[in-house]
Amino acid sequence: MASFHPRLVLLLFISLFVFLVSPSFAAQKSSFRPRALVLPVTKDAATGQYVTSLKQRTPLVPVKLTVDVGGRFLWVNCDSGYVSSSYRTPRCRSAQCSLARADTCGDCFDGPRPGCNNRTCSLFPENTATQSSTIGEVTEDIVSVLSTDGSNPGRAVSVPRFLFTCGSTFLTQGLATGVTGVAGLGRTKIALPSQFASAFSFRRKFAVCLPSSGGGSSTGVVFLGNSPYKFLPGGVDVSASLTFTPLLINPVSTAGVSTAGERSDEYFIGVKSIKVNGKTIPVNSTLLKINKEGYGGTKISTVSRYTALETSIYNAVVAAFVKSLSVARVKSVAPFGACFSSKSIGSTRVGPAVPTIDLVLQNPKVSWRIFGGNSMVEAKKDVLCLGFVDGGSEPRTSIVIGGYQLEDNLLQFDLASSRLGFSSSLRFRQTTCANFNFTSNA
């Protein structure tokens, strides 16, 4: 019988122990599940669009995306420079295609390449800034983002088979410089909030806090997952003092391309009336409701630059605002209809000292108040304009709350409870959306 030196036996035992234990350590490391994720958001000065970035592909590369709160999914331009060893295409009628509600299948004979493969399913990526869309291949690739504890970003986490759709180069026209796609945060099962919630087993909830300064001079934030949402100074948790209103569902799709019977994936709220300087203005209440054809109502958009109002509502708001402000008007600056000399208007913590505008929601005690910082736009030197635009006499949606009115307001979209939490202006709390501490504590 062979014999072994005691020291050799000890070394073999230690090696075996390390071999057996090391995988468990690796499993513990890989099993880290964040309670929330965080994305940075900047404002593009030229377009007014809100831009985020995440990492995608193998090897990972940063991808700049326009934030579309009502967008149905993530889409990326696959026509130009898309290189990845982890790119995968689900087959027609696969579970992934069913999850994406992608019933259209087809072949592409110019491939194989990203965005062009045979027997794959397709969706219709949309550029809502230019109202254009195309057909695009549904596909998968690795996506990496930062986790957060609500106060700082933490370690990076990845989803290896994140579903998205390939767009085309022409579809990026009209998007901010350097942007190659759209980050859709809508109600679908493959939009960013739902996919990340499924991957990391957290609540289907996200929050948006848009910065008010353009040109990348300040950074806002999108939280994906559970609160808290803390901002400097002092780490104030904005989620602790939100006002809530139900999220409504439009029964008819508002997307550029849709199928019969498909409902909208955008976010609607129930505005019951509008007040200017505390007084209810006369509007046709029928316009504030979503009818059976999907027209009317109020939706939230991060792609629309300013809030658009149906013509009769717009005229009523402007007339009441001008009367309440009692400041002489100056020549209008497009696209605005009511402009004033800034020298005649004072300032407050929440912006220019002008009449407040209230969107009254489910009852008279619940209002989304818009202060001067979100209602007045510096259109040119010494000229402030009411930052609402005429949406036309027969718009699809009567009120579209645009990005400018959302800035420095935190909005929490709780898909599981179908409710919206909103903060009104964070300036009242001596903070802004640019005050999330992006210094990592990892």
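Residues numbered from 1 in each chain as written. Predicted model: local features only at pLDDT ≥ 70, side-chain atom pairs only at ≥ 80, totals over all residues. Heavy atoms only, no water.

## A look at the sheet that holds strand 22 (residues 329-330)
Here is step 1: The four strands lie next to each other as 22-23-29-28, forming an open sheet whose pairing is antiparallel. Strands with a single pairing partner mark the edges of an open sheet, and in this sheet they are strand 22 and strand 28 (376-380).
Here is step 2: Where strand 23 (residues 339-341) meets strand 29 (residues 383-386), three bridges bridge the pair, whose relative direction is antiparallel. Paired with serine 341 across the bridge in strand 29 is valine 383. (Pairing = 2+ DSSP bridges. Helix = DSSP H or I, 4+ residues; strand = E, 2+ residues; numbered from the N terminus.)

## Details of the state of the cysteines
Here is step 1: Applying the stated criterion across every chain yields a total of five disulfides.
Here is step 2: Across a sulfur-sulfur distance of 1.7 Å, cysteine 108 and cysteine 116 are joined as a disulfide pair. Classification of the bridge connecting cysteine 108 and cysteine 116 rests on its S-S torsion, roughly -95°, and on that basis the disulfide is left-handed.
Here is step 3: Taken in sequence order, the bonded cysteines of the protein chain link in the pattern 1-6, 2-5, 3-4, 7-10, 8-9. (Disulfide = S-S within 2.5 Å.)

## A word on the UniProt feature "domain: Peptidase A1" (unreviewed entry) in the protein chain
Here is step 1: Per the UniProt annotation, the sites labelled "domain: Peptidase A1" (unreviewed entry) are residues 50-423.
Here is step 2: Secondary structure within residues 50-423 divides into 10% helix and 37% strand; the distance between the first and last C-alpha atoms comes to 19 Å. (UniProt positions renumbered as here; feature names shortened; annotations may be inferred.)

## Side note on the pattern of salt bridges
Here is step 1: One pass over the structure, following the stated rule, counts twelve salt bridges.
Here is step 2: The salt bridge partner of aspartate 265 is arginine 101, with a shortest N-O separation of 3.0 Å. Residue aspartate 265 is located in the loop between strand 16 (243-248) and strand 17 (268-269), and its partner arginine 101 is located in the loop between helix 2 (95-99) and strand 5 (104-106); the two are separated by 164 residues in the primary sequence.
Here is step 3: Accessibility expressed as a relative area gives 7% for aspartate 265, which makes it buried.
Here is step 4: Two residues, aspartate 414 and arginine 203, come together in a salt bridge whose shortest N-O distance is 3.2 Å. With aspartate 414 in strand 32 (residues 409-414) and arginine 203 in the loop between helix 3 (192-200) and strand 12 (205-209), this residue pair connects regions lying 211 residues apart in the sequence.
Here is step 5: Residue aspartate 414 is classed as buried on the basis of its relative accessible area of 2%.
Here is step 6: Through salt bridges with shared partners, one network takes in Arg72, Arg101, Glu262 and Asp265. (Salt bridge = Lys/Arg side-chain N within 4 Å of Asp/Glu carboxyl O. Buried < 20%, exposed > 50% of the residue type's maximum accessible area, 1.4 Å probe, protein only.)

## Notes on the environment of glycine 297
Here is step 1: With respect to the element layout, glycine 297 can be found in the loop between strand 19 (279-280) and strand 20 (298-300).
Here is step 2: Given a relative accessible area of 1%, glycine 297 falls into the buried group.
Here is step 3: Each C-alpha atom of the pair glycine 297 and threonine 58 lies 43 Å from the other, and the pair is 239 residues apart in sequence.
Here is step 4: Here glycine 297 is in contact with Leu287, Leu288, Lys289, Ile290, Thr397, Ser398 and Ile399, once residues within four sequence places are set aside. (Contact = heavy atoms within 4.5 Å.)

## Quick notes on helix 3
Here is step 1: Most of helix 3 sits inside the fold, with seven of its nine residues counted as buried.
Here is step 2: Considered for burial, the residues of helix 3 that qualify are Leu192, Pro193, Ser194, Gln195, Phe196, Ala197 and Phe200.
Here is step 3: Following helix 3 by one or two positions, serine 201 adopts a phi angle in the positive range, close to 55°.

## Some thoughts on the sheet that holds strand 18 (residues 273-276)
Here is step 1: Sheet architecture is open: four strands sit in the order 19-18-26-27, paired in antiparallel fashion. At either end of the open sheet lies a strand with only one pairing partner, and these are strand 19 and strand 27 (367-370).
Here is step 2: Pairing of strand 26 (residues 357-360) with strand 27, which is carried by four bridges, proceeds in the antiparallel orientation. In the sheet register, valine 360 faces strand 27, and the bridge partner there is serine 367.
Here is step 3: The sheet strands contacting helix 4 (residues 311-325) are strand 18 and strand 26, and the helix crosses strand 18 at an angle near 20°. (Axes fitted to C-alpha atoms, helices over the stretch in contact; angles between N-to-C directions.)

## What to know about the environment of glutamine 405
Here is step 1: Inspection of the secondary structure assignment puts glutamine 405 in helix 6 (residues 403-406).
Here is step 2: Relative accessible area serves as the criterion here: at 1%, glutamine 405 is assigned to the buried category.
Here is step 3: For the pair glutamine 405 and serine 301, spaced 104 residues apart in the sequence, the C-alpha separation amounts to 9.9 Å.
Here is step 4: At a separation of 2.8 Å, a polar atom in the side chain of glutamine 405 contacts the side chain of threonine 307. (Polar contact = N/O pair within 3.5 Å; in protein donor to acceptor, adjacent residues only side chain to side chain.)

## Quick notes on empty space enclosed by the protein
Here is step 1: Considering all chains together, one arrives at one cavity of 30 Å³ or more under this definition.
Here is step 2: Ile274, Thr307, Leu309, Val317, Ile357, Leu359, Ile370, Phe388, Ile399, Ile401 and Gln405 together form the lining of the largest cavity.
Here is step 3: Broken down by secondary-structure element, the contributors of at least two residues to the lining of the largest cavity are strand 21 (307-309), strand 26 and strand 31 (399-401).
Here is step 4: Grouping the constituent residues of the lining of the largest cavity by class yields nine nonpolar, two polar and no charged. (1 Å grid on protein atoms, 1.4 Å probe; cavity = no way out; pocket = protein on both sides within 12 Å on 5 of 7 lines; lining within 4 Å. Points joined across faces, edges and corners; volume = space filled by probe spheres on them. Nonpolar A, V, L, I, M, F, W, Y, C, P; charged D, E, K, R; others polar.)

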